[in-house]
Protein chains: 4
Amino acid sequence: MTLNIGVVGTGKIGQEHIRRLTETLAGARVVAVSDADLARAKEVAAKLAGAKAYPTGEDLIAAGEVDAVIVTSWGETHAAHVLAAIKAGKPVFCEKPMATTEADCSAIVDAEAAFGRRLVQVGFMRRFDAQYRAMKEAIVKGAIGSPLMFHSAHRNASAPAHFKATMAITDTAVHDIDIARFLLDDEPVAIAVRAPRANRHAGGVADPLLILMDMRSGALVTIETSVNIAYGYDIRGEVIGETGTVSLAEQSDVVIKTKGAFSGRVFGDWPERFDAAFDAEFRAWIGAAAKGGAAGSSAWDGYVATAATVAGVKALESGASEPIKLREQPKLYARTSS
Amino acid sequence: MTLNIGVVGTGKIGQEHIRRLTETLAGARVVAVSDADLARAKEVAAKLAGAKAYPTGEDLIAAGEVDAVIVTSWGETHAAHVLAAIKAGKPVFCEKPMATTEADCSAIVDAEAAFGRRLVQVGFMRRFDAQYRAMKEAIVKGAIGSPLMFHSAHRNASAPAHFKATMAITDTAVHDIDIARFLLDDEPVAIAVRAPRANRHAGGVADPLLILMDMRSGALVTIETSVNIAYGYDIRGEVIGETGTVSLAEQSDVVIKTKGAFSGRVFGDWPERFDAAFDAEFRAWIGAAAKGGAAGSSAWDGYVATAATVAGVKALESGASEPIKLREQPKLYARTSS
Amino acid sequence: MTLNIGVVGTGKIGQEHIRRLTETLAGARVVAVSDADLARAKEVAAKLAGAKAYPTGEDLIAAGEVDAVIVTSWGETHAAHVLAAIKAGKPVFCEKPMATTEADCSAIVDAEAAFGRRLVQVGFMRRFDAQYRAMKEAIVKGAIGSPLMFHSAHRNASAPAHFKATMAITDTAVHDIDIARFLLDDEPVAIAVRAPRANRHAGGVADPLLILMDMRSGALVTIETSVNIAYGYDIRGEVIGETGTVSLAEQSDVVIKTKGAFSGRVFGDWPERFDAAFDAEFRAWIGAAAKGGAAGSSAWDGYVATAATVAGVKALESGASEPIKLREQPKLYARTSS
Amino acid sequence: MTLNIGVVGTGKIGQEHIRRLTETLAGARVVAVSDADLARAKEVAAKLAGAKAYPTGEDLIAAGEVDAVIVTSWGETHAAHVLAAIKAGKPVFCEKPMATTEADCSAIVDAEAAFGRRLVQVGFMRRFDAQYRAMKEAIVKGAIGSPLMFHSAHRNASAPAHFKATMAITDTAVHDIDIARFLLDDEPVAIAVRAPRANRHAGGVADPLLILMDMRSGALVTIETSVNIAYGYDIRGEVIGETGTVSLAEQSDVVIKTKGAFSGRVFGDWPERFDAAFDAEFRAWIGAAAKGGAAGSSAWDGYVATAATVAGVKALESGASEPIKLREQPKLYARTSS
């Protein structure tokens, strides 16, 4: 049984997903693509045996041969495409952010709740990373007692030229925010942002940042974003419980001893660090979508992520702690983070 | 382009490979199976859309719909199946051992050399393991100088009931022997085996063993096999060079701190430890077989592995160092370990 | 040349210092002791060959046979004893806090500055810890670029019965505050305290805490204090620079592999963790005091530590960030943290 | 109570011990020195308050003011000095080797046994190293089951100009041999030596070596000596038990992340690696000698070390496994390794 997939948005990420679904993973086939740039969509389709290019995402979503949809278009258009998929009753994998405003996210949540079954999966791949899953498992098993704090660090070797400080919240820390909710099984209630002395290699952008997020239980999440740290791509995390802690272990294939030192490798960038997680994420999605459903982060998770980052951006500007006021949660999402 | 595969031998390992090719990896389809137990072959075929069960491996290999062959039958029958595949000019992936005697291995080497192109890939998955590849890369880059020794340890939590001491050489250390050749880019010339005090949990079998293998360059390989060590499945390795060393790093997803200790996980068994290596091994094979060829360990590598383990078994019995006299290497295999 | 030492305060810490100076380290002799409990002082003196018990610290400091003074009396009395030592022109090692109020600390700074030479050493042993010294060395050498953040964690297995949340600042985090100044070569300008959900094993005390300290350069220091974390005594630290980071390495003598895990030991409590640092601290002091001077943390460092913790206690109560306004620094202390 | 020590041999090691006893450790005073070069002895004595230079070791040992003796003279003369100390009934610390022949070692054992109490301590400092002690403790506690193998590696950055291959046994591996006996609580019965391809930086010397030592229990010890490995001084060890293993942990003060890698420091040479062990060794000796006795490695241990290295040298030359035939053990040494 092969899942027939339509991909809305054939930019860099879209093409990477198409490659993964076509060349790496079993069980799926890309049969349709669309892009704001139709020529690019046609070019991508031409390389795929039997794939068709559609002029709009809406056309693609409506197409009969499309069983399930991947949305990797421009962020501002996500909401419309996701809503169209829900309307069509088709499983949809949407890259983060699910939508850029709380209102749009909320509309998706309402639409899916009305539909009555999960169709939406949001692309937070960390939930499929073996390290974070082992961390979650340790917490759930009670290995460290109840969690009280989570220290997360999100470090990139360098940020793209157009990077703004707010993007450290909306594009970078959003992953830490989602995984914090997953690990702690908890919801955020407030967020504050500290901007220490800026890295002189950050081109005038406030970098690093320290984000403080208060959770409903009283647990405290700290997120360091350092997006111009030169040495590599490094994701660190430690959950502090009442009786112990659990940390992401250092990952290096080998240890070399030479010239007075032992050393191991740090990842270069996120595609390498999370390659296996992306595989697992899409495997889970293909399996769930083939049954008409979804796995991993839900529309509710997408909504909370946007609500938290919107408040985070406000907090960066105000210098104060900003509340994160979440709407009522539909019953569909009763267990958000398991 | 999908590769149509026939699988000879539908036992535990065969079924595991079928699962991997069908459910996990893109690019291949199992279209034919055979087994000494035809009923089992039919049962396995029935679960695969459109696969056919053949009464014999030879029939399967000859079948028109079969592009490439996987041999996971009983070890004694490997040679016949591999030779049949070469005769048919079809790419063949053969589980280790390629054959159980040097003569059979040599016949395969001759047949393939006469064919003029590599068709045979032997299932030494370590060559596709990210850790060993990083180790090899470090050596090739000159990070540790010329290699002088390689210390390998191969530890299993427990051995099966029918385990004999010779199997620690033919089934266990054979992997270390192949990877030693790969890492050092060198051939073995002699082998000796030491049997220290036996583990009382080994049921009377000589376990652990320490195998000493001399390489053509003068480098020395030590292989500890401990197949009843209870604590887990643990593969250790360190290459000692003239100016440094490179070791396999400890692999654990997380570190937990509790009750006065930090701790990480050791693997339970080989399917888990080498899961990603098996994926990479079959991906490489699918890619190479689709072009009519092979990747990874060659028939020559299969031959040397058998020559070395046959000498190793003799050394275990004699208590002396036994020579490993290799036949002339056909030009086809000029570069054995890249 | 043996340094003749008088010890003011023969409680638990005082006796421990006496033991170290008498039984472990070369170069010093305890010749005089005093204590608020004269009987105890006499008892301690009786065990030391040729030591005399004095009724007051002032008498001891004035005694002709006393070359140098150690103050380990009750914190409230430190200032008087340190000032008396300065007045007598004698080197004085004072346990932290140097004094409990900024005014008293300031008076000591003035007195020493008037004396014109350092006499005072404050007992921040971390500055003599091999790990922190290596961390400092890495920063000074430019291995990580200019420091932007320092994440410190100070974890105790359990807090004593009389522990109050403010003590997590004045007694616990004070060490992190001093070492932050040492590592970053920087002064604090403001401090804020966050109290997440309390550990249920903390007996109603707000624990853990997260302390945020802003430095003059703009660098940000985060200090987690978790003083009932059960698993052990664990001091973690990572300095984030513009191009890299430096962390305290995990310290365990051995790694044990058993029952599916590898594990190493976490320290039980601070006397064990910092045993070698205490040796080094007193060796440095004996050496410096023998020449009439002092090493390690100065009276200025003692003053800033108290100023910062006083502001920290205020911040814990106010919930706001509180400024740390430092007095003018006498020239004597021009290079505070080298 | 201060121990009055006489030091026989004021070369580099002798002076280093004098420094440690004088400047670092409490409880001892060097009151007498002697050296084959009397002028050097006088020079060293002149720097020590109240120390006297003696023309011979025998004169020094006989001197009334000498409570205990340290022998750091030329190896060939150790036996005479140790025997003289036993004759004088004075505790004696002797650098390894205790004596260079089995006959001399045996004479010392006989003399001490006749004296009836331990007076001799041999300078195998590893027995006082925190890491090896933790390893021993883990074994004794049964953490890994009964030991079956011990893999030891002894690596030096470079060997001195006069180094010969036999010294890798007598001067280098002798430490591994002693610690193997300590860890396994076992005696050697045979030894073999393998010389792989030589390191081209070893100046024509057979380096590295792999030494195989069979123990009475059947346990097997492997010792790699690599004395020109450039990268640093590195002592590795792992004991393989029936249910687990225990290894010396990597020791680095900090971990630095920069330029795509994390790294930690390897020791440069043995004085740094074993500095704390030397402190502990002499503290134990001072304490024991003050009571007229000895701690750590005994004369028996010194005897076995020489017997094993003599056989090892023979094995290097013969290429065969050579027996180590130990004399009868006097009752005095009934518990050798605790």
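Residues numbered from 1 in each chain as written. Chains lettered and ligands numbered in written order. Predicted model: local features only at pLDDT ≥ 70, side-chain atom pairs only at ≥ 80, totals over all residues. Heavy atoms only, no water.

Draft legend 1. Broad picture of the overall build of chain A. Looking only at helices and strands, one finds 10 helices and 15 strands in chain A. Taking the principal axes of the C-alpha coordinates as reference, chain A spans close to 55 × 55 × 45 Å. For chain A, the proportion of its 338 residues judged to be buried stands at 62%. Looking at chain A alone, contacts between residues at least 24 apart form 72% of all its contacts between residues at least 6 apart. (Helix = DSSP H or I, 4+ residues; strand = E, 2+ residues; numbered from the N terminus. Buried < 20%, exposed > 50% of the residue type's maximum accessible area, 1.4 Å probe, protein only. Contact = heavy atoms within 4.5 Å.)

Draft legend 2. The interface of chain C and chain A, seen in detail. With 37 residues of chain C in contact, the opposing surface of chain A contributes 37 residues. Both sides of the chain C and chain A interface together cover about 2,900 Å² of buried area, and 54% of this is carbon and sulfur. Where chain C touches chain A, the interface holds 6 salt bridges. Here C:Glu242 makes a salt bridge to A:Arg200, at a shortest N to O gap of 2.6 Å. At the surface where chain C touches chain A, the tally comes to 18 residue pairs in polar contact (both at pLDDT 80 or more). Going through the elements one at a time, β7 (147-155), β8 (188-194), β9 (209-215), β10 (220-226), β11 (234-241) and β12 (244-248) of chain C are the ones with two or more residues in the side of chain C that touches chain A. Looking at the side of chain C that touches chain A residue by residue, the class counts come to 16 nonpolar, 13 polar and 8 charged. (Buried area = accessible area lost by both parts, 1.4 Å probe. Salt bridge = Lys/Arg side-chain N within 4 Å of Asp/Glu carboxyl O. Polar contact = N/O pair within 3.5 Å; in protein donor to acceptor, adjacent residues only side chain to side chain. Nonpolar A, V, L, I, M, F, W, Y, C, P; charged D, E, K, R; others polar.)

Draft legend 3. Molecular detail of the relation of the copies chain C and chain A. For the pair chain C and chain A, the superposition axis carries a translation of 0.0 Å, the fit reaches an RMSD of 0.0 Å, and the rotation angle comes to 180°. Both copies of the chain, as the preceding transformation shows, are related through a two-fold rotation axis. Taken together, the interface assignments show that 100% of the residues at the interface of chain C recur at the interface of chain A, consistent with an identical surface on both copies. (Least-squares fit on C-alpha atoms with pLDDT ≥ 70 in both.)

Draft legend 4. Structural context of the sheet that holds strand β4 (residues 68-71) of chain B. Residue and element names in this part refer to chain B. Pairing in this open sheet of 6 strands is parallel, and the strands run β3-β2-β1-β4-β5-β6 from one edge to the other. A strand with exactly one partner marks an edge of an open sheet, and here the two such strands are β3 (52-54) and β6 (120-122). Adjacent strand axes in the sheet meet at a mean angle of 25° when their direction is disregarded. On the sheet, helix α1 (residues 12-24) packs against β1 (3-8), β2 (28-34), β4 and β5 (92-94) and is oriented at approximately 150° with respect to β2. (Pairing = 2+ DSSP bridges. Axes fitted to C-alpha atoms, helices over the stretch in contact; angles between N-to-C directions.)

Draft legend 5. Here's a closer look at the sheet that holds strand β6 (residues 120-122) of chain A. Residue and element names in this part refer to chain A. Here we have 6 strands laid out as an open sheet, ordered β3-β2-β1-β4-β5-β6, and parallel in their pairing. The open sheet terminates on both sides in strands that have one partner only, identified here as β3 (52-54) and β6. The average angle at which neighbouring strand axes cross in this sheet is 25°, direction not considered. For strand β2 (residues 28-34) and β3, the ladder comprises 3 bridges, and the chain directions are parallel. Pairing of Ser34 across the sheet is with Tyr54, part of β3. Contacting β1 (3-8), β4 (68-71), β5 (92-94) and β6, helix α4 (residues 78-88) crosses the sheet at an angle of about 165° to β5.

Draft legend 6. Looking closely at the pattern of salt bridges. Following the criterion strictly, the structure yields 100 salt bridges over all chains and no others. In this structure, A:Arg236 engages A:Asp234 in a salt bridge whose closest nitrogen and oxygen atoms are separated by 3.7 Å. In terms of burial, A:Arg236 and A:Asp234 fall into one category: buried. Here A:Arg236 and A:Glu250 are joined by a salt bridge, their closest N and O atoms 3.7 Å apart. Placement of A:Arg236 in strand β11 (residues 234-241) and of A:Glu250 in the loop between β12 (244-248) and β13 (254-258) is noted, with a sequence separation of 14 residues between them. In this structure A:Arg236 comes out as buried when scored by relative accessible area, which is 17%. Counted as one network, the salt bridges with shared partners bring together A:Arg155, A:Glu224, A:Asp234, A:Arg236, A:Glu250, C:Glu238 and D:Lys257.

Draft legend 7. Quick look at the side chain of A:Arg118. Residues and elements named next belong to chain A. Structurally, Arg118 can be placed in the loop between α5 (102-115) and β6. Among buried charged residues, Arg118 stands out as having no salt bridge; its nearest opposite-charge side chain is Glu112, 4.8 Å away. Reaching out from Arg118, the side chain makes a polar contact with the backbone oxygen of Val120 at a distance of 3.0 Å. With residues near it in sequence (within four places) discarded, Arg118 still touches Glu112, Gly292, Gly293, Ala294, Ala295, Gly296, Ser297, Ser298 and Leu332. (Lys, Arg positive; Asp, Glu negative; His and termini not counted.)

Draft legend 8. Summary view of the relation of the copies chain A and chain D. Its rotation angle being 180°, the transformation that places chain A on chain D also includes 0.0 Å of axial translation and leaves an RMSD of 0.0 Å. Most of the interface of chain A is mirrored in chain D, where 100% of its interface residues are also at the interface.

Draft legend 9. Summary view of the pairing of strand β8 (residues 188-194) of chain A. Residues and elements named next belong to chain A. Judged by how many residues are buried, β8 sits mostly within the fold: 6 of 7 residues are covered. Here 6 bridges tie β8 to strand β9 (residues 209-215), and the two strands are oriented antiparallel to one another. Within β9, the position partnered with Pro188 by the bridge is Met215. The pairing of β8 with strand β15 (residues 322-323) spans 2 bridges and is classified as antiparallel. When the sheet's bridge partners are listed, Ala190 is paired in β15 with Pro323.

Draft legend 10. Inspection of the environment of B:Asp176 at higher detail. All names here are of chain B. Secondary-structure assignment places Asp176 in helix α7 (residues 167-184). Judged by relative accessible area, Asp176 falls into the buried class, the value being 0%. Only 2.6 Å separates the side chain of Asp176 from the side chain of Ser152, close enough to count as a polar contact.

Draft legend 11. Representation of helix α9 (residues 275-290) of chain C within the structure. Taking 1.5 Å per residue as the helical rise, α9(C) with its 16 residues ought to reach 22 Å, and the 22 Å between its terminal C-alpha atoms agrees with that figure. A positive phi of about 80° marks C:Gly292, the residue just after α9(C). (Expected span 1.5 Å × (residues − 1).)

Draft legend 12. How the structure looks around the interface of chain A and chain D. Counting from both sides, the interface comprises 15 residues of chain A and, opposite them, 15 residues of chain D. A combined buried area of about 1,300 Å² lies between chain A and chain D, and 61% of that area is made up of carbon and sulfur atoms. Considering only the side of chain A, the residues that lose the most area to chain D are A:Tyr231, A:Lys257 and A:Phe262, jointly responsible for 51% of the buried surface there. Applying the counting rule to chain A against chain D returns 4 salt bridges. Here A:Lys257 makes a salt bridge to D:Asp234, at a shortest N to O gap of 2.6 Å. Viewed at the interface, chain D and chain A are joined by 10 residue pairs in polar contact (both at pLDDT 80 or more). Elements with a contribution of two residues or more to the side of chain A that touches chain D: β11, β13 and β14 (261-265) of chain A. A total of 5 residues in the side of chain A that touches chain D trace back to one element, the largest contributor, which is β14(A).

Draft legend 13. Representation of the packing of helix α1 (residues 12-24) of chain D against helix α9 (residues 275-290) of chain D within the structure. All names here are of chain D. As a packed pair, α1 and α9 sit with axes 11 Å apart at the nearest point and diverge in direction by 75°. Viewed along their axes, α1 and α9 adopt a mutual orientation that is roughly perpendicular. Every residue of α9 that contacts α1 at His17, Arg20, Leu21 and Thr24 is listed here: Asp275, Phe278, Asp279, Phe282 and Ile286. (Parallel < 35°, antiparallel > 145°, perpendicular 65-115°, else oblique.)

Draft legend 14. Region of interest: the nonpolar core. Counting residues in hydrophobic clusters, the biggest one holds 81 residues, and the most contacted among them are B:Ile108, B:Val120, B:Leu183, B:Val239 and B:Val246. Apart from residues no more than four positions distant in its own chain, B:Leu183 is found in contact with B:Tyr132, B:Met135, B:Lys136, B:Ile139, B:Phe150 and B:Val239. (Core = buried A, V, L, I, M, F, W, Y, C linked by side-chain atoms within 4.5 Å.)

Draft legend 15. The arrangement of the environment of B:Ala308 in detail. Residue and element names in this part refer to chain B. When you line up the elements, Ala308 lands in helix α10 (residues 299-318). Its relative accessible area of 0% is what places Ala308 among the buried residues. For the pair formed by Ala308 and Leu326, sequence separation is 18 residues and the distance between their alpha carbons is 9.0 Å. Not counting the four nearest positions on each side in its chain, Ala308 is found in contact with Ile177, Pro188, Ile191 and Ile324.

Draft legend 16. Just the packing of aromatic side chains, in detail. Per the stated rule, a full pass over the model turns up 25 aromatic pairs over all chains. A ring pair is formed by B:Trp300 and B:Tyr333, whose centres lie 6.3 Å apart and whose planes are at 25°; its orientation type is stacked. You can see B:Trp300 sitting in helix α10 and its partner B:Tyr333 sitting in the segment after β15 (322-323), a full 33 residues away along the chain. The rings of A:Phe93, A:Phe282 and A:Trp285 are connected pair by pair, giving a single aromatic cluster. When the ring centre of A:Phe274 is taken as origin, the NZ or CZ atom of A:Arg273, which lies over that ring, is 4.2 Å away. One cation-aromatic arrangement involves B:Lys136 over B:Phe182; the distance from NZ or CZ to the ring centre is 4.9 Å. (Phe/Tyr/Trp six-rings, centres within 6.5 Å; stacked < 30°, edge-to-face > 60°. Lys NZ or Arg CZ within 6 Å of the ring centre and 35° of its normal.)

Draft legend 17. Fine view of the state of the cysteines. In the structure shown here, the tally under the stated rule is 0 disulfides over all chains. With no disulfide of its own, B:Cys105 lies 9.0 Å from the sulfur of B:Cys94, the closest cysteine sulfur. (Disulfide = S-S within 2.5 Å.)

Draft legend 18. Region of the structure containing helix α7 (residues 167-184) of chain A. Residues and elements named next belong to chain A. Between the first and last C-alpha of α7 there are 24 Å, a value that for 18 residues agrees with the 26 Å anticipated at 1.5 Å per step. The sharpest bend along α7 reaches about 55° and sits at Ala173. In terms of burial, α7 is a largely internal element, 16 of the 18 residues being buried. Just beyond α7, the residue with positive phi is Asp185, at close to 55°. (Bend = angle between axes of the 7 residues up to and from the residue.)

Shape descriptors only; they carry no functional weight alone.
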